Amino acid sequence: MIFNPAEENEYAAACDLLVHRFDRWARENGIDADPFVVEAALEYRHIGTPDGRLGLWDQRHIEEFLLDWVPRSVTVLPDEEPADVPGTLRALLRYLDAVHLADPRGASLPEGLEAVDAAAPRHAEAMADRSRWGTAKFWITIAAEQGVDVRDEHALQDFVGRAQREEVPYDPEVLQAIVERQLRSSGPVRSEPQLPIALPGDDVLREQADRSPVLRQLRGLAEWAGREGRVLTGSGRLRLSDARELVERLDTGDSTDSVRSSADLPRLDLLVEWAKTARLIRVAKGKLYAVAKAEPVLNDPLGLWRRAFDAFRELRGPVRGARGGRYRKSVLSDVYDAYDMYDVILPDVLATLYSLPYPMPWPALRDTVHLAHRSRSLFGVFAADSIGFEQADDDLRTVLGVLESLGAIECHQGMADPVFADLAMSENGIEGWAGIPAEDDDDLETSPGALPGMPAGRAGPLGEALPDDALLDGALLDEEATWRARRLKSELSAGPVELIRLTDLGTDSVRRRLLAEGRDAPLIGELAQAPAAGLLGVLADDYDPESARAELAGWIAVHGARPAALEQLVHSVRTMPFRTRAEAMLDVLVSSLDDGERLLRSLRSDPSLAPTALSLLARREILSPEDLTEPESLLMVAESLLQLCEATGADGMRHVLRQQGREAEEAIRAALASGHPDREGLMNLQALAERVSRERKAHVALVRQRGHRRNGRRGGKRRR
């Protein structure tokens, strides 16, 4: 379950539905739970986390919700009894599991309950710690404590005025702590979903890691330092004789001619700093030692590779100066000072390369980084293409070169995929971003916000970095933008260019980092042991058709005979209580099977699944209205109304009923007579219709009453 932040109405309807059904479930099971806390929990996962998965809860989410989100945003007034937030969260986790909405990639139910129990004792303390509050909660509570009726808008406005005039007593140190806390944390930004990727097992990754030149050099450096240590110079550098020995021993490619210090050997300097950062060697009492505790990692190629990759982003100067061999010396341009190479550009570049179905050409990557920088910097927006970027490009190439030596990326010469040339001039490319119409590209079929050939919504993170206001303020509406776009298309089409892609090792480590940041990064095969409902739910939400077929085939292979596995999957759809979710699950199931249409047709007569199957058959245009029997037509009417009610919520459905009038009443009567298996949904629909009918009658009576008063008569026309 996931909603784009822009889908406010859709999220609100789903949230209301979930809270309503949870509340009913809790009462039926004798559970004391607060629906407001459930709403807060769903809001936290929707807007307070990068991935926005409503049904995915792990230890990190549970702790953050109980110890940060609720203390910061949920206000408990002095005259109110605080809700049992941990208890309600436990109930929510049980409910999500009971109705098959729990994401199988999160913690299991026992693990989630254990995490709540572990964090619960700290929740009350966090709620009482005023420095954890948000500013709105702080002032509302201060107002209530000073006798202000915060539910009275005029009284609250008067309090605000007094606070602005500094007539309200409060603790300035607490407020300062709140402000500083908010400044340190700007809050999460919803990340773009990534395409599912396939990776070999750890044994294969370990073999690949063992072939990395950088790993060989890091190991050799640690072995050379040893437990006895090597004496350093007074300034803490390698002695020149030792440095010359290491250049030869590690084959760094540094030139030792005319050097006066190991500082003049940039590639060796990089390796030394890299090994220090990765905690493979250390400096103590003027000597360089191998870290004894690192010995197990040094003997594990995959563990060492992952540690080296994680340490790479912490390096700054050593990489920038590492121009040994083919890395020529260059000064980092000031262009990227505000748009930091390691904290912003490099992570975005790696995340952009991640899950791309084709290699990224260097010119396209280069221009994308340029454009992203221009959108963030006034200097960049107005800068000519030649100002400063050449040296910055050289720095980026150096960083990519080191990653290539590590084995995180592969670079080769070849023709760029045509989609990149098309993108250069399409409405989603550089020219489109600059507001310049493309020429001779009327036949492009690029979905807004996505690279051609990729599912909608899968644009790279560098695309996320482009704020609309920066691109639409007119600064980029110039001839230079048109020139850049056409130059890029020409460069990509003219001949072979450098193509860049992540290796399996690079993909694995980028994925691990994305997950650590709370972002979604599906892996084909990770759902092999998931419950059937969890599998189909994730496939429906996150997987492209090709990946869904592979994931489903893997799941079926480990769940016994195919007929039995299919029955589990169909049963999970049959028992899903949410109509729209059930149809999405059935849709991805039949789409991912070679004989999916045959399965779908067979469900046409299933007592429980017939409405869902008929709806899907009609949507796929396999059945037309003329093909339906009269009972099937009634089932279709009922299914449509029930799905509409879920999608729009009770308020939206009431609006539809008011607008449609008699037609809606006839549709409701047909639905009630259809024999649809969702009797509870039909009862709720009937209740809504009766409420709208009562409101309509009350409105008519009020109009008649007003007419009677105006005319001085009981209805009728006024006499002339």
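Residues numbered from 1 in each chain as written. Predicted model: local features only at pLDDT ≥ 70, side-chain atom pairs only at ≥ 80, totals over all residues. Heavy atoms only, no water.

(A) Just the overall build of the chain, in detail. A tally of helices and strands in the chain yields 34 helices and six strands. Taking the contacts inside the chain whose residues are at least 6 apart along the sequence as the reference set, 72% of them involve residues at least 24 apart. Summed over its atoms, the accessible surface of the chain is roughly 35600 Å², and 49% of this surface lies on carbon and sulfur atoms. (Helix = DSSP H or I, 4+ residues; strand = E, 2+ residues; numbered from the N terminus. Contact = heavy atoms within 4.5 Å. Areas by Shrake-Rupley, 256 points an atom, 1.4 Å probe, with all protein chains shown as cover.)

(B) Looking closely at helix H27 (residues 545–557). Taking 1.5 Å of rise per residue, the 13 residues of H27 would be expected to cover 18 Å, and the 18 Å separating its terminal C-alpha atoms lies within 8% of that figure. Where H27 is buried, its residues contact helix H26 (532–542), helix H28 (562–574) and helix H29 (579–591). (Expected span 1.5 Å × (residues − 1).)

(C) Layout of empty space enclosed by the protein. Tallied over the entire structure, the rule returns two cavities of 30 Å³ or more. Volume-wise, the largest cavity comes out at about 70 Å³. Looking at the lining of the largest cavity element by element, the count peaks at six residues for H26. Grouping the amino acids of the lining of the largest cavity by side-chain chemistry returns six nonpolar, three polar and six charged. (1 Å grid on protein atoms, 1.4 Å probe; cavity = no way out; pocket = protein on both sides within 12 Å on 5 of 7 lines; lining within 4 Å. Points joined across faces, edges and corners; volume = space filled by probe spheres on them. Nonpolar A, V, L, I, M, F, W, Y, C, P; charged D, E, K, R; others polar.)

(D) The packing of helix H32 (residues 630–660) against helix H33 (residues 662–672), seen in detail. Axis separation between H32 and H33 bottoms out at 10 Å; the angle between their running directions is 140 degrees. The orientation of H32 relative to H33 falls into the category oblique. Seen along the crossing, H32 lies across H33 with a hand that is left-handed. In this structure, H32 contributes Leu634, Val637, Ala638, Leu641, Leu657 and Gln660 to the contact, and H33 contributes Arg662, Glu663, Ala664, Ala667, Ile668, Ala670 and Ala671. Per-class residue counts for the contact of H32 with H33 are 10 nonpolar, one polar and two charged. (Axes fitted to C-alpha atoms, helices over the stretch in contact; angles between N-to-C directions. Parallel < 35°, antiparallel > 145°, perpendicular 65-115°, else oblique. Left-handed = near helix turned anticlockwise from the far one by under 90°.)

(E) Structural detail: the side chain of Asp587. Within the fold, Asp587 resides in helix H29. Other than its neighbours up to four places away in sequence, Asp587 contacts Leu616, Arg619 and Arg620.

(F) Looking closely at the sheet that holds strand E2 (residues 281–284). Spatially, three strands are ordered E1-E3-E2 in an open sheet, and the strand pairing comes out antiparallel. In this open sheet, the two edge strands, each paired with only one partner strand, are strand E1 (230–231) and E2. Summarising the sheet, E2 and strand E3 (residues 287–290) pair through four bridges and their orientation is antiparallel. Bridging from a neighbouring strand, Arg282 pairs with Tyr289 of E3. Against the sheet, helix H10 (residues 213–225) contacts E1, E2 and E3, and its axis sits at roughly 115 degrees relative to E3. (Pairing = 2+ DSSP bridges.)

(G) Looking closely at the sheet that holds strand E6 (residues 497–502). Taking strand neighbours across the sheet as the criterion, the three strands line up as E4-E6-E5 in an open arrangement whose pairing is antiparallel. Strand pairing shows two members of the sheet lacking a second neighbour, strand E4 (360–361) and strand E5 (409–414), which therefore form its edges. As paired elements, E4 and E6 share two bridges and run antiparallel to each other. Residue pairing in the sheet places Pro361 in a bridge with Leu499 of E6.

(H) Seen up close, the packing of aromatic side chains. One pass over the full model with this rule turns up 14 aromatic pairs. Taking the centre distance of 5.9 Å and the plane angle of 45 degrees together, the rings of Tyr44 and Trp57 count as tilted. Of this pair, Tyr44 sits in helix H2 (residues 35–47) while Trp57 sits in the loop between H2 and helix H3 (59–73); the two residues are 13 residues apart in sequence, bridging distant segments of the chain. A single burial state applies to Tyr44 and to Trp57, both of which are buried. (Phe/Tyr/Trp six-rings, centres within 6.5 Å; stacked < 30°, edge-to-face > 60°. Buried < 20%, exposed > 50% of the residue type's maximum accessible area, 1.4 Å probe, protein only.)

(I) How the structure looks around the nonpolar core. Core analysis: the biggest nonpolar cluster contains 81 residues, and Trp57, Phe65 and Leu569 have the highest contact counts within it. The biggest single contributor to this core is helix H1 (residues 8–28), with nine residues. Each residue touching Leu569, except ones within four places of it in the same chain, is listed here: Ala532, Leu535, Leu536, Leu552, Trp555, Ile556 and Leu589. By size, the runner-up hydrophobic cluster in this structure holds 76 residues, among which are Val272, Leu280, Val369 and Leu396. (Core = buried A, V, L, I, M, F, W, Y, C linked by side-chain atoms within 4.5 Å.)

(J) Fine view of the confidence of the model for the chain. With 81% of its residues at a pLDDT of 70 or more, the chain has an overall mean of 82. This stretch, residues 322–339, has a pLDDT under 50; its non-local contacts, to residues over four places away or in other chains, come to 55 contacts. In this model residues 713–720 is a low-confidence stretch, pLDDT under 50, and it forms six contacts with partners more than four residues away in sequence or in other chains. (pLDDT = per-residue confidence, 0-100.)

(K) Fine view of H1. Counted at 1.5 Å a residue, the expected span for H1 with its 21 residues is 30 Å, and the 30 Å between its end C-alpha atoms agrees. The complete set of buried residues in H1 reads Tyr11, Ala13, Ala14, Cys15, Leu17, Leu18, Val19, Arg21, Phe22, Arg24, Trp25 and Ala26. Just beyond H1, the residue with positive phi is Gly30, at close to 65 degrees.

(L) Layout of the packing of H2 against H3. At a minimum axis separation of 11 Å, H2 and H3 run at an interaxial angle of 115 degrees. With respect to each other, H2 and H3 are oriented roughly perpendicular. Helix-helix and strand crossings are classified by hand; for H2 and H3 the assignment is right-handed. Contacts between H2 and H3 pair Val37, Ala40, Ala41, Glu43, Tyr44, Arg45 and Ile47 from the former with Arg60, His61, Glu64, Phe65 and Trp69 from the latter. Looking at the contact of H2 with H3 residue by residue, the class counts come to seven nonpolar, one polar and four charged.

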